[in-house]
Amino acid sequence: MAKDSKPQGNSYLFPMVVMSILFFMVGFITTMNNSLIDFLSGSKWMLSFSEKQLINTAFFGAYLFSIPLSYLLNKFGYKSSALLSLFVVGIGFVLTYPAVGAGYTAFLGSMFVVALGIALLQIVLNPYVLALGDPRKAASRLNLTGFFNSAATVAAPLFVALLISGDAVDSNAPAELRSDPTNVRMPFFVIAGIALAMSLIVYKLRLPDIDDTEGEAGTPQASKSSPYKYPHLLFGAFAIFVYMGVEVGIPSFLPDRMRALNLDTVGLFGNELGSTELLALYWGGLMVGRLIGAFALQRVPARVALSFCALSAIVLLGVSLMFDGEISIVLMLLCGLCNSIMWGSIFNLASEDLGAHTKRASGIICTFAIGGAILPPLMGMLQQGFGTAALTTGTTAALSCIIVYYLYIILFSLRLSKIRK
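Okay, so let's go over this structure.

Calculation notes
Residues numbered from 1 in each chain as written. Predicted model: local features only at pLDDT ≥ 70, side-chain atom pairs only at ≥ 80, totals over all residues. Heavy atoms only, no water. Helix = DSSP H or I, 4+ residues; strand = E, 2+ residues; numbered from the N terminus. Buried < 20%, exposed > 50% of the residue type's maximum accessible area, 1.4 Å probe, protein only. Contact = heavy atoms within 4.5 Å. Areas by Shrake-Rupley, 256 points an atom, 1.4 Å probe, with all protein chains shown as cover. Expected span 1.5 Å × (residues − 1). Bend = angle between axes of the 7 residues up to and from the residue. Patch = residues over 30% accessible without salt bridge, like charges linked within 9 Å, V, L, I, M, F, W, Y side chains within 5 Å. Salt bridge = Lys/Arg side-chain N within 4 Å of Asp/Glu carboxyl O. Polar contact = N/O pair within 3.5 Å; in protein donor to acceptor, adjacent residues only side chain to side chain. Phe/Tyr/Trp six-rings, centres within 6.5 Å; stacked < 30°, edge-to-face > 60°. Lys NZ or Arg CZ within 6 Å of the ring centre and 35° of its normal. Axes fitted to C-alpha atoms, helices over the stretch in contact; angles between N-to-C directions. Parallel < 35°, antiparallel > 145°, perpendicular 65-115°, else oblique. Left-handed = near helix turned anticlockwise from the far one by under 90°. Nonpolar A, V, L, I, M, F, W, Y, C, P; charged D, E, K, R; others polar. Disulfide = S-S within 2.5 Å.

## Structural notes on the overall build of the protein
Looking only at helices and strands, one finds 16 helices and 2 strands in the protein. Relative to its 421 residues, the protein shows a buried fraction of 56%. Considering only contacts within the protein whose residues lie at least 6 apart along the sequence, 83% involve residues at least 24 apart. Taken as a whole, the protein presents about 18000 Å² of accessible surface, with 67% of it coming from carbon and sulfur.

The following block contains the structure:
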(Lines give C-alpha, C1' and ligand atoms only; values in the text may rest on other atoms or scores of the structure.)
Protein backbone atom coordinates (compact mmCIF):
# COMPACT_ATOMS: atom_id res chain seq x y z
CA MET A 1 0.00 0.00 0.00
CA ALA A 2 1.38 3.39 -0.90
CA LYS A 3 2.33 5.67 1.93
CA ASP A 4 0.35 8.82 2.48
CA SER A 5 2.21 12.05 2.91
CA LYS A 6 3.01 13.29 6.37
CA PRO A 7 0.32 15.71 7.55
CA GLN A 8 0.95 19.18 8.80
CA GLY A 9 -0.48 21.17 11.71
CA ASN A 10 -4.13 20.53 12.53
CA SER A 11 -4.29 17.66 10.05
CA TYR A 12 -3.05 15.50 12.93
CA LEU A 13 -6.43 15.92 14.65
CA PHE A 14 -8.40 13.46 12.55
CA PRO A 15 -5.82 10.65 12.81
CA MET A 16 -5.87 11.15 16.61
CA VAL A 17 -9.66 10.72 16.62
CA VAL A 18 -9.33 7.44 14.72
CA MET A 19 -6.55 6.24 17.03
CA SER A 20 -8.70 7.06 20.08
CA ILE A 21 -11.53 4.92 18.70
CA LEU A 22 -9.12 2.05 18.10
CA PHE A 23 -7.66 2.40 21.61
CA PHE A 24 -11.21 2.14 22.95
CA MET A 25 -11.65 -1.07 20.96
CA VAL A 26 -8.44 -2.55 22.40
CA GLY A 27 -9.51 -1.76 25.97
CA PHE A 28 -13.06 -2.96 25.38
CA ILE A 29 -12.10 -6.36 23.96
CA THR A 30 -9.35 -6.94 26.54
CA THR A 31 -11.62 -6.14 29.50
CA MET A 32 -14.55 -8.02 27.99
CA ASN A 33 -12.37 -11.10 27.80
CA ASN A 34 -11.62 -10.88 31.53
CA SER A 35 -15.29 -10.21 32.33
CA LEU A 36 -16.29 -13.47 30.62
CA ILE A 37 -14.67 -15.52 33.40
CA ASP A 38 -17.69 -15.33 35.71
CA PHE A 39 -20.00 -16.18 32.82
CA LEU A 40 -17.94 -19.21 31.85
CA SER A 41 -17.82 -20.45 35.44
CA GLY A 42 -21.61 -20.68 35.40
CA SER A 43 -21.93 -22.13 31.90
CA LYS A 44 -22.89 -25.61 30.72
CA TRP A 45 -19.24 -26.35 30.05
CA MET A 46 -18.89 -27.10 33.81
CA LEU A 47 -15.42 -25.53 34.00
CA SER A 48 -13.15 -25.85 37.00
CA PHE A 49 -11.49 -22.78 38.51
CA SER A 50 -8.24 -23.43 36.65
CA GLU A 51 -10.05 -24.15 33.37
CA LYS A 52 -12.01 -20.91 33.34
CA GLN A 53 -8.76 -18.97 33.89
CA LEU A 54 -7.44 -20.40 30.62
CA ILE A 55 -9.28 -17.65 28.73
CA ASN A 56 -6.73 -15.19 30.15
CA THR A 57 -3.91 -17.56 29.20
CA ALA A 58 -5.25 -17.81 25.64
CA PHE A 59 -5.70 -14.05 25.37
CA PHE A 60 -2.57 -12.64 27.00
CA GLY A 61 -0.43 -15.47 25.65
CA ALA A 62 -0.79 -13.80 22.25
CA TYR A 63 1.40 -10.94 23.50
CA LEU A 64 4.33 -13.38 23.51
CA PHE A 65 4.14 -13.06 19.71
CA SER A 66 4.58 -9.28 19.85
CA ILE A 67 8.17 -9.35 18.61
CA PRO A 68 7.45 -11.37 15.44
CA LEU A 69 4.29 -9.29 14.92
CA SER A 70 6.43 -6.16 15.04
CA TYR A 71 8.28 -7.43 11.96
CA LEU A 72 4.96 -7.21 10.10
CA LEU A 73 4.65 -3.60 11.23
CA ASN A 74 8.20 -2.89 10.11
CA LYS A 75 7.52 -4.46 6.69
CA PHE A 76 4.05 -3.13 5.90
CA GLY A 77 3.87 0.13 7.86
CA TYR A 78 1.33 1.50 10.31
CA LYS A 79 -1.79 1.77 8.18
CA SER A 80 -1.52 -1.62 6.49
CA SER A 81 -0.72 -3.30 9.81
CA ALA A 82 -3.73 -1.63 11.44
CA LEU A 83 -5.91 -2.93 8.61
CA LEU A 84 -4.53 -6.44 9.08
CA SER A 85 -5.04 -6.35 12.85
CA LEU A 86 -8.68 -5.24 12.56
CA PHE A 87 -9.34 -7.92 9.95
CA VAL A 88 -7.84 -10.61 12.21
CA VAL A 89 -9.94 -9.39 15.16
CA GLY A 90 -13.09 -9.54 13.03
CA ILE A 91 -12.30 -13.03 11.71
CA GLY A 92 -11.53 -14.23 15.24
CA PHE A 93 -14.95 -13.14 16.47
CA VAL A 94 -16.63 -14.72 13.43
CA LEU A 95 -14.88 -17.98 14.30
CA THR A 96 -16.47 -17.98 17.76
CA TYR A 97 -19.80 -18.85 16.13
CA PRO A 98 -18.81 -22.43 15.19
CA ALA A 99 -16.24 -22.62 18.02
CA VAL A 100 -18.72 -22.39 20.90
CA GLY A 101 -20.64 -25.27 19.38
CA ALA A 102 -17.48 -27.37 19.27
CA GLY A 103 -16.56 -26.81 22.93
CA TYR A 104 -14.36 -24.79 25.24
CA THR A 105 -11.04 -25.67 23.59
CA ALA A 106 -12.25 -24.49 20.20
CA PHE A 107 -13.63 -21.33 21.81
CA LEU A 108 -10.21 -20.63 23.35
CA GLY A 109 -8.68 -21.07 19.89
CA SER A 110 -10.99 -18.45 18.39
CA MET A 111 -10.22 -16.04 21.23
CA PHE A 112 -6.49 -16.57 20.63
CA VAL A 113 -7.03 -15.41 17.04
CA VAL A 114 -8.81 -12.31 18.37
CA ALA A 115 -5.92 -11.72 20.77
CA LEU A 116 -3.34 -11.90 17.97
CA GLY A 117 -5.21 -9.10 16.20
CA ILE A 118 -5.40 -7.05 19.39
CA ALA A 119 -1.69 -7.58 20.09
CA LEU A 120 -0.79 -6.35 16.60
CA LEU A 121 -3.16 -3.39 16.96
CA GLN A 122 -1.52 -2.49 20.28
CA ILE A 123 1.91 -2.65 18.64
CA VAL A 124 0.69 -0.33 15.87
CA LEU A 125 -1.18 2.24 17.95
CA ASN A 126 1.39 3.20 20.56
CA PRO A 127 4.29 4.27 18.29
CA TYR A 128 1.89 5.74 15.73
CA VAL A 129 0.37 8.07 18.33
CA LEU A 130 3.86 9.02 19.53
CA ALA A 131 4.77 9.99 15.95
CA LEU A 132 1.68 12.16 15.31
CA GLY A 133 3.03 15.60 16.10
CA ASP A 134 5.47 17.36 18.41
CA PRO A 135 7.70 14.75 20.10
CA ARG A 136 7.77 16.89 23.24
CA LYS A 137 4.03 16.24 23.64
CA ALA A 138 4.12 12.57 22.69
CA ALA A 139 3.43 11.34 26.24
CA SER A 140 0.45 13.70 26.41
CA ARG A 141 -1.04 12.19 23.24
CA LEU A 142 -0.52 8.65 24.47
CA ASN A 143 -2.26 9.44 27.75
CA LEU A 144 -5.17 11.03 25.91
CA THR A 145 -5.74 7.90 23.85
CA GLY A 146 -5.17 5.92 27.06
CA PHE A 147 -8.17 7.74 28.52
CA PHE A 148 -10.39 6.16 25.87
CA ASN A 149 -8.76 2.80 26.55
CA SER A 150 -9.67 3.19 30.23
CA ALA A 151 -13.22 4.31 29.40
CA ALA A 152 -13.66 0.97 27.63
CA THR A 153 -12.88 -0.86 30.89
CA VAL A 154 -16.11 0.61 32.25
CA ALA A 155 -18.22 -0.21 29.19
CA ALA A 156 -17.04 -3.79 28.61
CA PRO A 157 -18.32 -5.36 31.86
CA LEU A 158 -21.72 -3.74 31.24
CA PHE A 159 -21.75 -5.24 27.74
CA VAL A 160 -21.04 -8.71 29.11
CA ALA A 161 -23.59 -8.36 31.89
CA LEU A 162 -26.40 -7.05 29.68
CA LEU A 163 -25.93 -8.98 26.44
CA ILE A 164 -24.10 -12.18 27.37
CA SER A 165 -24.26 -13.19 31.02
CA GLY A 166 -27.87 -12.42 31.83
CA ASP A 167 -28.82 -13.50 35.33
CA ALA A 168 -26.04 -14.80 37.52
CA VAL A 169 -25.87 -18.59 37.65
CA ASP A 170 -24.47 -20.64 40.52
CA SER A 171 -21.32 -22.42 39.31
CA ASN A 172 -22.35 -25.43 41.43
CA ALA A 173 -25.71 -25.80 39.69
CA PRO A 174 -26.31 -28.85 37.45
CA ALA A 175 -25.48 -28.44 33.77
CA GLU A 176 -29.10 -28.22 32.61
CA LEU A 177 -29.65 -25.15 34.80
CA ARG A 178 -26.51 -23.31 33.73
CA SER A 179 -26.16 -20.54 31.14
CA ASP A 180 -25.59 -21.42 27.50
CA PRO A 181 -22.13 -20.56 26.08
CA THR A 182 -23.73 -19.95 22.68
CA ASN A 183 -25.09 -16.69 24.16
CA VAL A 184 -21.83 -15.10 22.99
CA ARG A 185 -22.61 -15.69 19.31
CA MET A 186 -24.73 -12.69 18.40
CA PRO A 187 -22.91 -10.11 20.59
CA PHE A 188 -19.60 -11.34 19.22
CA PHE A 189 -20.98 -11.14 15.68
CA VAL A 190 -21.76 -7.48 16.36
CA ILE A 191 -18.16 -6.87 17.48
CA ALA A 192 -16.90 -8.73 14.40
CA GLY A 193 -19.00 -6.44 12.22
CA ILE A 194 -17.65 -3.35 13.99
CA ALA A 195 -14.03 -4.53 13.60
CA LEU A 196 -14.48 -5.33 9.91
CA ALA A 197 -16.30 -2.03 9.33
CA MET A 198 -13.44 -0.19 11.07
CA SER A 199 -10.95 -1.95 8.80
CA LEU A 200 -12.91 -0.70 5.77
CA ILE A 201 -13.03 2.83 7.19
CA VAL A 202 -9.30 2.85 7.91
CA TYR A 203 -8.67 1.58 4.38
CA LYS A 204 -10.65 4.46 2.89
CA LEU A 205 -9.15 7.15 5.13
CA ARG A 206 -6.00 9.07 4.24
CA LEU A 207 -4.17 8.26 7.45
CA PRO A 208 -0.50 9.26 7.34
CA ASP A 209 1.96 6.37 7.35
CA ILE A 210 4.76 8.00 9.30
CA ASP A 211 8.31 7.50 8.07
CA ASP A 212 10.34 6.90 11.25
CA THR A 213 13.58 7.64 9.43
CA GLU A 214 12.58 11.29 8.93
CA GLY A 215 12.47 12.38 12.55
CA GLU A 216 12.01 15.87 13.90
CA ALA A 217 14.58 18.62 13.51
CA GLY A 218 17.33 18.24 16.08
CA THR A 219 16.29 14.70 17.02
CA PRO A 220 19.13 12.16 16.76
CA GLN A 221 18.25 9.22 14.55
CA ALA A 222 18.96 5.53 14.92
CA SER A 223 22.66 4.80 14.43
CA LYS A 224 22.77 1.20 15.61
CA SER A 225 21.97 -1.91 13.63
CA SER A 226 19.41 -3.38 16.04
CA PRO A 227 16.90 -2.07 18.60
CA TYR A 228 18.38 -4.51 21.11
CA LYS A 229 21.55 -2.40 21.12
CA TYR A 230 19.73 0.52 22.74
CA PRO A 231 19.95 0.10 26.55
CA HIS A 232 17.17 2.58 27.29
CA LEU A 233 14.74 0.52 25.21
CA LEU A 234 15.50 -2.67 27.13
CA PHE A 235 15.36 -0.89 30.48
CA GLY A 236 12.05 0.64 29.39
CA ALA A 237 10.63 -2.72 28.34
CA PHE A 238 11.43 -4.05 31.82
CA ALA A 239 9.81 -0.92 33.29
CA ILE A 240 6.63 -1.90 31.42
CA PHE A 241 7.00 -5.41 32.88
CA VAL A 242 7.06 -4.14 36.46
CA TYR A 243 4.43 -1.49 35.74
CA MET A 244 1.98 -4.21 34.74
CA GLY A 245 2.67 -5.82 38.13
CA VAL A 246 1.72 -2.49 39.70
CA GLU A 247 -1.42 -1.89 37.65
CA VAL A 248 -2.77 -5.41 38.14
CA GLY A 249 -1.25 -6.07 41.57
CA ILE A 250 -3.05 -3.37 43.54
CA PRO A 251 -6.61 -4.38 42.49
CA SER A 252 -5.69 -8.06 42.79
CA PHE A 253 -4.67 -7.77 46.44
CA LEU A 254 -7.07 -5.04 47.57
CA PRO A 255 -9.86 -7.52 48.54
CA ASP A 256 -7.37 -9.51 50.68
CA ARG A 257 -6.18 -6.29 52.30
CA MET A 258 -9.79 -5.52 53.22
CA ARG A 259 -10.25 -8.99 54.70
CA ALA A 260 -7.01 -8.63 56.65
CA LEU A 261 -8.40 -5.42 58.16
CA ASN A 262 -11.81 -7.05 58.81
CA LEU A 263 -13.52 -4.64 56.45
CA ASP A 264 -16.54 -5.74 54.45
CA THR A 265 -17.20 -2.25 53.09
CA VAL A 266 -15.62 1.19 53.05
CA GLY A 267 -17.65 4.35 53.52
CA LEU A 268 -17.18 6.73 50.59
CA PHE A 269 -19.42 9.42 49.09
CA GLY A 270 -22.12 8.68 51.66
CA ASN A 271 -22.31 4.99 50.67
CA GLU A 272 -20.86 1.75 51.97
CA LEU A 273 -18.88 0.27 49.08
CA GLY A 274 -17.75 -3.33 48.79
CA SER A 275 -14.59 -4.52 47.06
CA THR A 276 -16.26 -4.69 43.63
CA GLU A 277 -17.39 -1.07 43.77
CA LEU A 278 -14.00 0.01 45.15
CA LEU A 279 -12.17 -1.68 42.30
CA ALA A 280 -14.38 0.24 39.88
CA LEU A 281 -13.15 3.42 41.59
CA TYR A 282 -9.56 2.29 41.14
CA TRP A 283 -10.00 1.78 37.37
CA GLY A 284 -11.96 5.00 37.22
CA GLY A 285 -8.99 6.73 38.82
CA LEU A 286 -6.79 5.52 35.97
CA MET A 287 -9.29 6.90 33.48
CA VAL A 288 -9.51 10.33 35.12
CA GLY A 289 -5.76 10.46 35.70
CA ARG A 290 -5.03 9.80 32.04
CA LEU A 291 -7.31 12.64 31.00
CA ILE A 292 -5.56 14.99 33.45
CA GLY A 293 -2.20 13.69 32.28
CA ALA A 294 -3.04 14.40 28.65
CA PHE A 295 -3.11 18.11 29.51
CA ALA A 296 -0.41 18.19 32.22
CA LEU A 297 2.15 16.40 30.04
CA GLN A 298 1.94 19.17 27.46
CA ARG A 299 3.80 21.33 29.97
CA VAL A 300 5.57 18.88 32.27
CA PRO A 301 8.35 16.63 30.89
CA ALA A 302 7.51 12.93 30.93
CA ARG A 303 10.54 12.12 33.15
CA VAL A 304 9.44 14.61 35.79
CA ALA A 305 5.81 13.48 35.74
CA LEU A 306 6.69 9.77 35.82
CA SER A 307 9.14 10.04 38.72
CA PHE A 308 6.78 12.33 40.69
CA CYS A 309 3.83 9.95 40.26
CA ALA A 310 5.90 6.89 41.19
CA LEU A 311 7.26 8.63 44.30
CA SER A 312 3.76 9.77 45.28
CA ALA A 313 2.49 6.20 44.86
CA ILE A 314 5.28 4.89 47.11
CA VAL A 315 4.23 7.34 49.81
CA LEU A 316 0.53 6.47 49.43
CA LEU A 317 1.06 2.71 49.45
CA GLY A 318 3.70 2.83 52.19
CA VAL A 319 1.47 4.86 54.50
CA SER A 320 -1.46 2.63 53.59
CA LEU A 321 0.42 -0.43 54.86
CA MET A 322 1.23 1.35 58.13
CA PHE A 323 -2.41 2.15 58.96
CA ASP A 324 -5.45 0.07 59.81
CA GLY A 325 -9.05 0.88 58.98
CA GLU A 326 -10.70 2.45 55.97
CA ILE A 327 -7.96 5.04 55.39
CA SER A 328 -5.63 2.22 54.35
CA ILE A 329 -7.96 1.20 51.51
CA VAL A 330 -8.60 4.79 50.41
CA LEU A 331 -4.85 5.41 50.09
CA MET A 332 -4.49 2.26 47.99
CA LEU A 333 -7.24 3.45 45.68
CA LEU A 334 -5.47 6.79 45.19
CA CYS A 335 -2.53 4.90 43.70
CA GLY A 336 -4.74 4.49 40.63
CA LEU A 337 -4.39 8.20 39.90
CA CYS A 338 -0.61 7.92 40.15
CA ASN A 339 -0.51 4.83 37.92
CA SER A 340 -2.56 6.48 35.19
CA ILE A 341 0.24 8.19 33.26
CA MET A 342 2.86 5.47 33.69
CA TRP A 343 2.22 3.27 30.64
CA GLY A 344 2.27 6.19 28.20
CA SER A 345 5.25 7.90 29.81
CA ILE A 346 7.36 4.73 30.00
CA PHE A 347 6.51 3.83 26.40
CA ASN A 348 7.45 7.32 25.27
CA LEU A 349 10.82 7.37 27.08
CA ALA A 350 11.68 3.84 25.94
CA SER A 351 10.92 4.74 22.29
CA GLU A 352 13.00 7.92 22.07
CA ASP A 353 15.74 8.23 19.43
CA LEU A 354 15.11 4.85 17.82
CA GLY A 355 14.36 6.13 14.33
CA ALA A 356 13.75 3.25 11.93
CA HIS A 357 13.78 0.77 14.84
CA THR A 358 10.64 2.29 16.41
CA LYS A 359 8.24 -0.28 14.94
CA ARG A 360 10.24 -3.28 16.12
CA ALA A 361 10.77 -1.59 19.48
CA SER A 362 7.00 -1.42 19.95
CA GLY A 363 6.84 -5.21 19.69
CA ILE A 364 9.61 -5.59 22.25
CA ILE A 365 7.88 -3.27 24.72
CA CYS A 366 4.46 -4.87 24.26
CA THR A 367 5.93 -8.33 24.84
CA PHE A 368 6.93 -7.25 28.33
CA ALA A 369 3.29 -6.46 29.17
CA ILE A 370 3.27 -10.15 30.10
CA GLY A 371 4.38 -8.87 33.51
CA GLY A 372 0.69 -8.51 34.34
CA ALA A 373 0.33 -12.29 34.05
CA ILE A 374 3.59 -13.19 35.83
CA LEU A 375 4.17 -10.85 38.76
CA PRO A 376 0.78 -11.08 40.57
CA PRO A 377 0.96 -14.92 40.74
CA LEU A 378 4.52 -14.67 42.09
CA MET A 379 3.32 -12.17 44.67
CA GLY A 380 0.54 -14.61 45.52
CA MET A 381 3.12 -17.35 46.08
CA LEU A 382 4.99 -15.03 48.44
CA GLN A 383 1.74 -14.29 50.24
CA GLN A 384 0.88 -17.99 50.56
CA GLY A 385 4.37 -18.70 51.92
CA PHE A 386 3.42 -17.04 55.21
CA GLY A 387 1.06 -19.94 55.97
CA THR A 388 -1.47 -19.10 58.66
CA ALA A 389 -0.44 -15.43 58.45
CA ALA A 390 -0.96 -15.31 54.65
CA LEU A 391 -3.98 -13.00 54.88
CA THR A 392 -2.30 -10.51 57.20
CA THR A 393 1.51 -10.49 57.03
CA GLY A 394 1.49 -12.27 53.66
CA THR A 395 -0.72 -9.64 52.03
CA THR A 396 1.48 -6.86 53.42
CA ALA A 397 4.59 -8.59 52.01
CA ALA A 398 2.95 -9.02 48.60
CA LEU A 399 1.93 -5.36 48.45
CA SER A 400 5.41 -4.31 49.56
CA CYS A 401 6.74 -5.82 46.32
CA ILE A 402 4.86 -3.07 44.49
CA ILE A 403 7.00 -0.45 46.26
CA VAL A 404 10.07 -2.14 44.75
CA TYR A 405 8.43 -1.95 41.31
CA TYR A 406 7.82 1.77 41.79
CA LEU A 407 11.47 2.27 42.79
CA TYR A 408 12.62 0.69 39.53
CA ILE A 409 10.25 2.97 37.57
CA ILE A 410 11.84 6.00 39.27
CA LEU A 411 15.32 4.67 38.45
CA PHE A 412 14.31 4.19 34.83
CA SER A 413 12.78 7.64 34.62
CA LEU A 414 15.68 9.57 36.14
CA ARG A 415 18.67 7.54 34.98
CA LEU A 416 18.18 4.46 32.81
CA SER A 417 16.00 6.18 30.19
CA LYS A 418 18.90 8.54 29.39
CA ILE A 419 21.44 5.80 28.57
CA ARG A 420 22.23 5.56 24.86
CA LYS A 421 25.56 3.70 24.89
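## A word on helix H5 (residues 78–102)
Along its 25 residues, H5 runs 36 Å from first to last C-alpha, staying within 8% of the 36 Å computed at 1.5 Å per residue. Remark: the principal bend of H5, roughly 35 degrees, maps to Thr-96, with a proline, Pro-98, within the next four residues.

## Things to note about a nonpolar patch on the surface
On the surface, Leu-13, Phe-14, Val-17 and Ile-21 cluster together to form a nonpolar patch covering roughly 380 Å² of accessible area. Looking at the secondary structure, you find Ile-21 in helix H1 (residues 13–41). In this structure Ile-21 comes out as partly exposed when scored by relative accessible area, which is 43%.

## Considerations on the environment of Asn-339
Assignment of secondary structure puts Asn-339 in helix H12 (residues 326–339). On the basis of relative accessible area, Asn-339 is assigned to the buried category, the value being 0%. Linking Asn-339 and Val-246, residues 93 residues apart in sequence, is a C-alpha distance of 7.9 Å. Ignoring anything within four residues of it in the chain, the contact list for Asn-339 reads Tyr-243, Val-246, Glu-247, Ile-250, Tyr-282, Leu-286 and Tyr-406. In this structure the side chain of Asn-339 is engaged in a polar contact, spanning 2.6 Å, whose partner is the side chain of Tyr-406.

## Points about the side chain of Thr-145
By secondary structure assignment, the location of Thr-145 is in helix H7 (residues 138–165). There is a polar contact of 3.0 Å between the side chain of Thr-145 and the backbone oxygen of Leu-142. In this structure, Thr-145 is in contact with Met-16, Ser-20, Phe-23 and Val-129, ignoring residues within four places of it in sequence.

## Concerning the packing of aromatic side chains
On inspection of all chains with the given rule, the structure shows 14 aromatic pairs. One aromatic cluster in this structure is built from Phe-238, Phe-241, Phe-368 and Tyr-408. It is Lys-75 that lies over the ring of Phe-76; its NZ or CZ is 5.8 Å from the centre.

## Remarks on the packing of helix H9 (residues 231–260) against helix H15 (residues 371–384)
Axis separation between H9 and H15 bottoms out at 8 Å; the angle between their running directions is 45 degrees. When the interaxial angle is binned, H9 and H15 end up oblique. Crossing of H9 over H15 shows right-handed handedness. Contacts between H9 and H15 involve Phe-241, Val-242, Met-244, Gly-245, Val-248, Gly-249, Phe-253 and Asp-256 from the first element and Gly-371, Gly-372, Ile-374, Leu-375, Pro-376, Met-379, Gly-380 and Gln-383 from the second. When its residues are assigned to classes, the contact of H9 with H15 shows 9 nonpolar, 6 polar and 1 charged.

## Describing unusual backbone geometry
In this model, Phe-269 sits at a positive phi of 55 degrees, which is unusual for a non-glycine residue. Within the secondary structure, Phe-269 sits in the loop between strand S1 (266–268) and strand S2 (271–273). Judged by its relative accessible area of 68%, Phe-269 falls in the exposed class.

## What about the pattern of salt bridges?
The final tally for this structure, using the stated rule, is 6 salt bridges. For Arg-290, the salt bridge goes to Glu-247, with nearest N and O atoms at 3.7 Å. Residue Arg-290 is located in helix H10 (residues 275–296), and its partner Glu-247 is located in helix H9; the two are separated by 43 residues in the primary sequence. Linking Asp-353 and Arg-420 is a salt bridge whose minimum nitrogen-to-oxygen distance equals 3.1 Å. With a gap of 67 residues between them, Asp-353 in the loop between helix H13 (342–351) and helix H14 (358–367) and Arg-420 in the segment after helix H16 (390–414) connect regions that are remote in the sequence.

## Regarding the state of the cysteines
According to the stated counting rule, one finds 0 disulfides in the structure shown. Cysteine Cys-335 shares no disulfide, and the gap to the nearest cysteine sulfur, in Cys-338, comes to 5.9 Å. What makes Cys-335 buried here is its relative accessible area of 0%.

## So, the packing of helix H11 (residues 302–322) against H16
Where H11 meets H16, the axes come as close as 9 Å, and the angle between the chain directions of the two elements is 160 degrees. In this view, H11 runs roughly antiparallel relative to H16, as classed from their interaxial angle. Considering only the axes of H11 and H16, their crossing is left-handed. When H11 is examined against H16, the residues Arg-303, Leu-306, Ser-307, Ala-310, Leu-311, Ala-313, Ile-314, Leu-317, Gly-318 and Leu-321 are found in contact with a partner set consisting of Thr-396, Leu-399, Ser-400, Ile-402, Ile-403, Tyr-406, Leu-407, Ile-409, Ile-410, Phe-412, Ser-413 and Leu-414.

Function cannot be read off these values alone, since they describe shape.
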